[in-house]
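Geometric and topological summary
In case you want the letters, here they are:
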Amino acid sequence: MKSVFLSMILALGALVAAPAAAAVSPVTVPGATTVTVEEAAALFDAGVVFVDVRKPSDYEAGRIPGAVHLDSTSAFTEAALEAVVGKEEKVVIYCNGESCLRSSEASALAVGWGFTQVFYLRDGYPAWDAAGLPVE
């Protein structure tokens, strides 16, 4: 009986001591098109609107040139997005890469609101910057 109790205590201790798994954004978002940095760069060159859904301090620290900031926790609404881009127009949504869920959540919301050409840049700003693409 003592060994069972001791095993339970040790297992509980390991569970408490184990770090929480980091969030990982989905590879795809139903109704949106996942794009690579290279594909996003082509959309950028074509003049497509980019929406940055990161927190304000991240946006201020650096962003894709001309990106519209709509913080997903406070400013990303259907009306705010529609003020930037029409529901039938292309829009690229990004955040801080695969450990950031903001762009996947925002992309899903946009699709749900009826935006038909949502491009989800899963790798986000870090990959854009690492690729040597323009930043401001």
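So, here is what we can say about the structure in this document.

Turning to the environment of Pro-126, a few remarks are in order. Tracing the backbone shows Pro-126 in helix α6 (residues 124-130). The partly exposed category is assigned to Pro-126, whose relative accessible area is 38%. Pro-126 sits 29 residues away from Gly-97 along the chain, and the two C-alpha atoms are 6.3 Å apart. Those residues in contact with Pro-126 that sit more than four places away from it in its chain are Cys-95, Asn-96 and Gly-97.

The next point concerns the pattern of salt bridges. As enumerated under the stated definition, the model contains five salt bridges in all. Between Arg-63 and Glu-136 there is a salt bridge; the shortest N-O distance is 3.4 Å. In this pair, Arg-63 is assigned in the loop between α3 (56-61) and β3 (68-69) and Glu-136 in the segment after α6, connecting sequence segments 73 residues apart. Residue classification places Arg-63 among the buried positions, given a relative accessible area of 16%. A relative accessible area of 44% means that Glu-136 is categorised as partly exposed.

Each aromatic ring pair is characterised by the separation of its centres together with the angle its planes make. Overall, the coordinates contain five aromatic pairs when judged by the stated rule. Plain terms: the ring middles of Phe-44 and Phe-50 are 5.8 Å apart, the flat faces sit at 80° to each other, and that makes the pair edge-to-face. According to the relative accessible area criterion, Phe-44 is partly exposed, its value standing at 23%. Measuring from ring centre to ring centre gives 5.4 Å for Phe-44 and Trp-128, while their planes differ by 70°; the resulting arrangement is edge-to-face. Taken together, the positions of Phe-44 in helix α2 (residues 37-45) and Trp-128 in helix α6 put the pair 84 residues apart, joining distant regions of the chain. For Trp-128, a relative accessible area of 0% gives the class buried. Of the aromatic side chains, those joined through ring pairs into one cluster are Phe-44, Phe-50, Tyr-94 and Trp-128. For Arg-54, the ring lying beneath its charged end belongs to Tyr-125, and the centroid distance is 4.6 Å. The ring of Tyr-59 is capped by Arg-63, whose NZ or CZ atom sits 4.4 Å from the centre of that ring.

Time to look at the nonpolar core. Nonpolar side chains in soluble globular proteins generally cluster together in the buried interior. Among the nonpolar cores identified, the biggest contains 18 residues, and Val-51, Phe-76, Leu-81 and Ile-93 are the most heavily contacted of them. Those elements that provide at least two residues to this core are α4 (78-84), β4 (90-94), α5 (102-112) and β5 (117-121). Leu-81 has contacts with Val-51, Leu-70, Phe-76, Val-91, Ala-110, Trp-113 and Phe-115, leaving out every residue within four places of it along the chain. One finds Val-37, Ala-40, Ala-41 and Ile-64 within the second-largest nonpolar core, a separate group that totals 15 residues.

Another point: the sheet that holds β5. Across the sheet, which stays open at both edges, the five strands sit in the order β1-β5-β4-β2-β3 with parallel pairing between neighbours. The sheet is open, and its two edges are formed by β1 (33-34) and β3, each paired on a single side. In this sheet, β5 lies alongside β4 in parallel orientation, the contact comprising five bridges. What sits directly across from Val-91, in β5, is Val-118. Strands in contact with α5 are β4 and β5; relative to β5, the strand with the most contacts, it is inclined by about 175°.

A few words now on the side chain of Ser-25. By the secondary structure assignment, Ser-25 is in the loop between α1 (2-17) and β1. Under the relative-accessibility criterion, Ser-25 is labelled buried at 3%. There is a polar contact of 3.3 Å between the side chain of Ser-25 and the side chain of Tyr-120. With residues near it in sequence (within four places) discarded, Ser-25 still touches Gly-97, Glu-98, Cys-100, Leu-101, Ser-104, Tyr-120 and Arg-122.

Thresholds applied
- Residues numbered from 1 in each chain as written.
- Predicted model: local features only at pLDDT ≥ 70, side-chain atom pairs only at ≥ 80, totals over all residues.
- Heavy atoms only, no water.
- Helix = DSSP H or I, 4+ residues; strand = E, 2+ residues; numbered from the N terminus.
- Buried < 20%, exposed > 50% of the residue type's maximum accessible area, 1.4 Å probe, protein only.
- Contact = heavy atoms within 4.5 Å.
- Salt bridge = Lys/Arg side-chain N within 4 Å of Asp/Glu carboxyl O.
- Phe/Tyr/Trp six-rings, centres within 6.5 Å; stacked < 30°, edge-to-face > 60°.
- Lys NZ or Arg CZ within 6 Å of the ring centre and 35° of its normal.
- Core = buried A, V, L, I, M, F, W, Y, C linked by side-chain atoms within 4.5 Å.
- Pairing = 2+ DSSP bridges.
- Axes fitted to C-alpha atoms, helices over the stretch in contact; angles between N-to-C directions.
- Polar contact = N/O pair within 3.5 Å; in protein donor to acceptor, adjacent residues only side chain to side chain.

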